[in-house]
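An overview of the molecular structure
Chain residues, written in single-letter form:
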Amino acid sequence: DSVFSHVVQAPEDPILGVTVAYNKDPSPVKLNLGVGAYRTEEGKPLVLNVVRKAEQQLVNDRARVKEYLPIIGLAEFNKLSAKLIFGADSPAIQENRVTTVQCLSGTGSLRVGAEFLAKHYHQRTIYVPLPTWGNHPKVFTLAGLSVKTYRYYDPATRGLNFQGLLEDLGSAPAGAIVLLHACAHNPTGVDPTLQQWEQIRQLMRSKKLLPFFDSAYQGFASGSLDADAQSVRMFVADGGECLAAQSYAKNMGLYGERVGALSIVCKTADVAGKVESQLKLVIRPMYSNPPIHGASIVAAILRDRNLYSEWTIELKAMADRIISMRHQLCDALRARGTPGDWSHIIKQIGMFTFTGLNSKQVTFMTKEYHIYMTSDGRISMAGLSSKTVPHLADAIHAAVT
Ligand code: PMP
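In this text the structure is predicted, and so the values were computed from the model without any measurement. (Residues numbered from 1 in each chain as written. Predicted model: local features only at pLDDT ≥ 70, side-chain atom pairs only at ≥ 80, totals over all residues.)

Describing the site of the ligand
Surveying the vicinity of the ligand reveals the residues Gly36, Ser105, Gly106, Thr107, Trp133, His181, Asn186, Asp214, Ala216, Ser247, Ala249 and Gly260. In terms of residue count, the dominant contributor to the shell around the ligand is helix α5 (residues 105–120) (3 residues). In terms of residue class, the shell around the ligand is built from 3 nonpolar, 8 polar and 1 charged. (Near = placed C-beta within 6 Å. Helix = DSSP H or I, 4+ residues; strand = E, 2+ residues; numbered from the N terminus. Nonpolar A, V, L, I, M, F, W, Y, C, P; charged D, E, K, R; others polar.)

Dropping the structure here:
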């Protein structure tokens, strides 16, 4: 008799479980629009050319060893990652007020940042948008923070509930932490405009709310690395403090390498140094130090002018393909005369469309059309291709009529 016989079967992860169900489906027309991973027009995973090149360089470098990295990871990677998100000319970087630590992709960066805040920050409450990426509340709760929500998405307009957002942040307790999606909000694909960001910034600074940016899609939303970092840079430009979690999963296609970074922008270099010393104490008992391979790939690309520019071209091509899928899907629904206004498919940005389909309609599409997506009606546009758009449009049409 097992000492674990009382252990009950846990439910599948709501997002990753979609792939589990998809893999079990023998249908030749099945389509996985659940997990946010980029696929080519042929429906295949993509390893960027520039990543292949960087990896080849690493393999050819006989001097490379597999020693442990320091607790905070590869120093050059950290420096270049901070430059990527805050901008090469960021005063915060020039004034050495930023500490950056390499973490296990976006998720690990969020977790380390949250554990640090739970230990050292005077406010334990973090506000997350409603809705948000399903893992956010779990990561923050387990790190010791208490999670509350602020209004974000308005189902009626399939856009931003800006008034609700301002009201909720306005009535948050002074000092509360606020999780902000830097761009390409997941799952809604709805971002504030720059003017709205500016209002959010003013409100948050006046109420001393602490911004914690989740940047999982820099370059993926608009195709421009700088444009997609605008929100973060506005908050750094005012001289205030903030945190930022970066992921290279999507924008370099390094999903499985688990490469990301946490940056904490502080008021002074002295504070930043002390914060970094405490981040090490968070990381050491968690996983000692991060993996070397993915960070070496990223550093090789970010440091080299030619590889960097090749990367931006490949990144833009991925973003453009996603945008073109939005237009194709919208056109296909219009061509079918599918009832409803589908313009939000084009207006929303990033990897996902928040279709507005309800869980019953999603179940119908999975059962009758073998199309897999999360039950909130979110579809990954990156999993779509010209060949599969008609099938999806047929399914949506049937689901709503
Ligand atoms: N934040 C958001 C909003 C995301 O969508 C994701 C990826 N789905 C992540 C963080 C983290 O992903 P990863 O840990 O793979 O970098």
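After that view of the structure, there is still more to cover.
Some remarks on helix α10 (residues 269–287)
Its 19 residues place the ends of α10 27 Å apart at the C-alpha level, agreeing with the 27 Å of an ideal helix rising 1.5 Å per residue. If you check which residues of α10 are buried, you get Ala272, Val275, Leu279, Val282 and Ile283. Each buried residue of α10 sits inside an arc of 90° when the element is viewed along its axis, so together they form one side. Seen from the open side of α10, the exposed residues pointing more than 90 degrees away from its buried face are Asp270, Ser277, Arg284 and Pro285. Looking at the buried residues of α10, the elements they touch are β2 (98–103), α5 and β10 (260–265). In the stretch just after α10, Ser288 is the one whose phi turns positive, near 70°. (Expected span 1.5 Å × (residues − 1). Buried ≥ 20, exposed ≤ 12 C-beta atoms within 10 Å, placed from the backbone. Arc of directions from axis to C-beta. Contact = placed C-beta atoms within 7 Å.)

What to know about the packing of helix α8 (residues 194–206) against helix α9 (residues 230–237)
At a closest axis distance of 10 Å, the pairing of α8 and α9 adopts a crossing angle of 35°. Crossing angle aside, the handedness with which α8 passes α9 is right-handed. Residues Leu194, Trp197, Glu198 and Arg201 of α8 form the contact with α9, whose participating residues are Gln230, Ser231, Met234 and Phe235. Of the residues assigned to the contact of α8 with α9, the class counts are 4 nonpolar, 2 polar and 2 charged. (Axes fitted to C-alpha atoms, helices over the stretch in contact; angles between N-to-C directions. Left-handed = near helix turned anticlockwise from the far one by under 90°.)

Topic: the nonpolar core
Side chains that are nonpolar tend, in soluble globular proteins, to be buried together. Counting residues in each nonpolar core, the largest one holds 123 residues, and the members touching the most others are Tyr127, Val178, Phe213, Val232, Val298 and Leu329. Per-element tally for this core: the top contributor is helix α12 (residues 305–336), with 10 residues. Not counting the four nearest positions on each side in its chain, Val232 is found in contact with Ile85, Phe86, Ala182, Phe213, Ser215 and Ala244. (Core = buried A, V, L, I, M, F, W, Y, C linked by C-beta atoms within 7 Å.)

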